[in-house]
Structures are given as C-alpha cells and as structure tokens.
Amino acid sequence: MDFAKHELLFSKPRLDKYIKACNGDTYKGVMLYKYNIQASQALYPIISVFEISLRNSIDRELSKHYKDPDWLMNQRADFSENPFLVYKDNWGNLQSDLFFKEKIEKAEKKLNHRKTKINHVKLLAELTFGFWVKFFDPSPIRILKGVPLQAFTNKPGISLKKIHSHLNSIVTLRNRISHSEPICFDRTGKLCLDTMRQYQFNIEDAIRWLDNDLYKWAEKLNFYKPVVIKISDLVV
C-alpha cells in the first residue's frame with residue numbers, strides 16, 4: 001500500500017507525528033505507526049491480566065471484610081455512599097466524592113439496557129478498571145481500614161500516593177491503547193524509548209505486587225520487548 005493510501009485511510013494529522021519522529025522519512029514514519037500498533041497489541045494481554053486479577057483480588061478481600069460475597073449489592077452505604085468519602089476541589093474545599101456511586105449506576109444502566117439481570121457477578125465484570133484503582137485513593141483506604149491493600153500479597157514499599165499514581169498510569173495507558181492513541185511518544189510528543197520501556201516495567205511491578213506466580217505466568221504473554229527493539233532499530 002503506497003503512502004497516499006496510508007494518508008487517505010489513517011489521515012495526515014495522525015501520520016504526521018510519526019513521520020516527524022523519523023525526520024520526514026515517510027516510509028519509516030509509516031513503519032513507526034505500524035510498530036506502535038504492534039506495541040499496543042503486545043501490552044494489552046498483560047494489562048488485561050493485571051486488571052482482572054486486581055479486580056478479583058479486591059473482591060476477595062472486601063468479601064472477607066464485609067463477610068458478604070455480594071458486597072457490591074448490599075454494602076453501598078458503607079463504601080460508595082459513605083458521607084466520609086470526600087475529595088478536595090481546586091480551592092481546597094471538601095466535596096462529596098460520587099465516583100463509586102456514579103460508576104455503579106452507569107454499569108447497572110448498561111446491564112439493564114442489555115436486559116441482563118443485575119447481580120454481584122455481573123456488576124463485578126461490568127465495572128471499569130478505573131473503578132478498582134479508585135479503591136487506592138486516600139478516602140476509600142481510610143473508610144475501608146486499608147483492606148484494599150491486602151489485595152497485594154507483596155505489598156509495595158512505597159507511599160499510598162505513589163501506589164495510586166502507579167496504578168493510574170496503567171489505567172491511562174490502557175485507555176490510550178483502547179482509543180488507538182500513540183504510546184511511543186512522551187508527554188512532549190517526542191519519540192521516547194525510555195517511556196515505552198517504563199510502561200512495561202510499571203505493569204510488571206504491579207503484577208508482582210499482586211502475586212509472584214502470576215508474574216511468572218504473565219511473562220509468557222509478554223511480547224512487548226521485541227517490538228521496542230524494532231522501533232529502536234528503525235529510528236537510531
């Protein structure tokens with residue numbers, strides 16, 4: 001497929017950033033675009049492994065905490081509608097944090113639209129990655145007496161703020177991949193292999209926090225490094 005067809009199908013603005021990263025070389029720019037897709041494809045399985053395992057680990061710990069396997073259905077007054085679930089706005093004022101409540105309502109709306117009976121298992125699967133990472137915000141951790149941290153069999157030796165930031169970076173990466181956004185550039189828009197390598201390290205660290213055996217199992221699904229090498233060979 002020639003370059004004109006690439007521009008027609010993928011759009012000039014989308015391809016321009018890749019071509020610019022390759023010093024105007026259109027062939028290399030298209031190859032970089034292709035490798036970015038392959039990199040996204042390679043990361044998605046290990047992100048998925050982490051997301052599903054984190055969700056189920058939090059579910060396990062909160063089921064024990066509440067002594068209720070249907071806590072998503074029965075314990076909302078405590079974890080999603082708790083008056084002490086708050087955040088500070090840009091002016092430093094405390095505001096009610098409705099994140100959990102709104103996400104649950106949105107998930108239930110989707111299930112109702114599909115005419116699916118709402119129960120704990122269906123709701124568990126429908127809630128987003130960001131929903132589960134939210135449990136590591138200061139307010140939920142305080143309300144739940146630190147129980148979400150018990151999801152990690154290898155509790156990281158870093159602050160709660162850093163744990164939350166680390167997990168949020170994986171959510172952001174997952175969303176970029178889901179929306180076909182580039183993952184080979186840094187925040188300034190420059191091609192950055194260090195940024196790409198850090199993505200892998202962040203996911204691997206988070207999987208290790210959950211379980212060592214899970215990390216070893218997930219390694220066999222990790223085909224990311226060879227793609228990064230191909231990008232390095234292309235632009236160096």
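Preceding this paragraph is the structure being described.
Reading the values: the criteria
- Residues numbered from 1 in each chain as written.
- Predicted model: local features only at pLDDT ≥ 70, side-chain atom pairs only at ≥ 80, totals over all residues.
- Heavy atoms only, no water.
- Helix = DSSP H or I, 4+ residues; strand = E, 2+ residues; numbered from the N terminus.
- Expected span 1.5 Å × (residues − 1).
- Buried < 20%, exposed > 50% of the residue type's maximum accessible area, 1.4 Å probe, protein only.
- Arc of directions from axis to C-beta.
- Salt bridge = Lys/Arg side-chain N within 4 Å of Asp/Glu carboxyl O.
- Phe/Tyr/Trp six-rings, centres within 6.5 Å; stacked < 30°, edge-to-face > 60°.
- Lys NZ or Arg CZ within 6 Å of the ring centre and 35° of its normal.
- Axes fitted to C-alpha atoms, helices over the stretch in contact; angles between N-to-C directions.
- Parallel < 35°, antiparallel > 145°, perpendicular 65-115°, else oblique.
- Left-handed = near helix turned anticlockwise from the far one by under 90°.
- Contact = heavy atoms within 4.5 Å.

Draft legend 1. Molecular detail of helix α6 (residues 99-113). Between the first and last C-alpha of α6 there are 21 Å, a value that for 15 residues agrees with the 21 Å anticipated at 1.5 Å per step. Among the residues making up α6, those that are buried are F100, I104, A107, E108 and L111. Along α6, the residues classed as buried sweep out an arc of 100 degrees about the axis, all on the same side. Of the residues in α6, the exposed ones pointing more than 90 degrees away from the buried face are K109, N112 and H113. K115, located one to two residues past α6, shows a positive phi value of around 55 degrees.

Draft legend 2. Geometry of the pattern of salt bridges. Under the definition given, this model contains 11 salt bridges. We note a salt bridge from E61 to K64, for which the minimum N-O separation is 3.4 Å. Of this pair, E61 and K64 both sit in helix α3 (residues 26-66), 3 residues apart, which is roughly one turn of the helix. Of the residues examined, E61 reaches a relative accessible area of 6% and is grouped as buried. In this structure, E105 and K101 form a salt bridge, with 2.7 Å as the shortest nitrogen-oxygen distance. Placement of the pair is E105 and K101 together in helix α6, with a separation of 4 residues, close to one helical turn. Taking the relative accessible area as the measure of exposure, K101 reaches 31% and is therefore partly exposed. What you see here is one network of salt bridges that share partners, running through R60, E61 and K64.

Draft legend 3. Representation of unusual backbone geometry within the structure. Positive phi is not limited to glycine here, since S11 has a value of about 85 degrees. Secondary-structure assignment places S11 in the loop between α1 (3-10) and α2 (12-21). Classification of S11 by relative accessible area gives partly exposed; the value is 29%. We note that N23 has phi near 55 degrees; this positive angle belongs to a residue other than glycine. Inspection of the secondary structure puts N23 in the loop between α2 and α3. The exposure class assigned to N23 is exposed, which follows from its relative accessible area of 76%.

Draft legend 4. Broad picture of the packing of aromatic side chains. Under the criterion given, the structure shown has 18 aromatic pairs. Ring geometry for F100 against F135: centres 4.6 Å apart, planes inclined by 35 degrees, an arrangement best described as tilted. Here F100, found in helix α6, pairs with F135, found in the loop between α8 (129-133) and α9 (138-143); they are 35 residues apart in sequence, far enough to count as distant. This pair shows no difference in class: F100 is buried, exactly as F135 is. Three or more aromatic residues joined by ring pairs form one cluster here, namely Y66, W71, F79, F99, F100, F131, W132 and F135. Cation over ring: R208 sits above Y215, and NZ or CZ is 4.1 Å from the ring centre.

Draft legend 5. Focus on the packing of helix α10 (residues 160-178) against helix α11 (residues 193-210). Closest axis-to-axis distance for the α10/α11 pair is 10 Å, and the angle between their directions is 120 degrees. By the angle between their axes, α10 is oblique relative to α11. For the element pair α10 and α11, the recorded crossing hand is left-handed. Contacts between α10 and α11 pair I163, H166, L167, S169, I170 and L173 from the former with Y199, N202, I203, D205, A206 and W209 from the latter.

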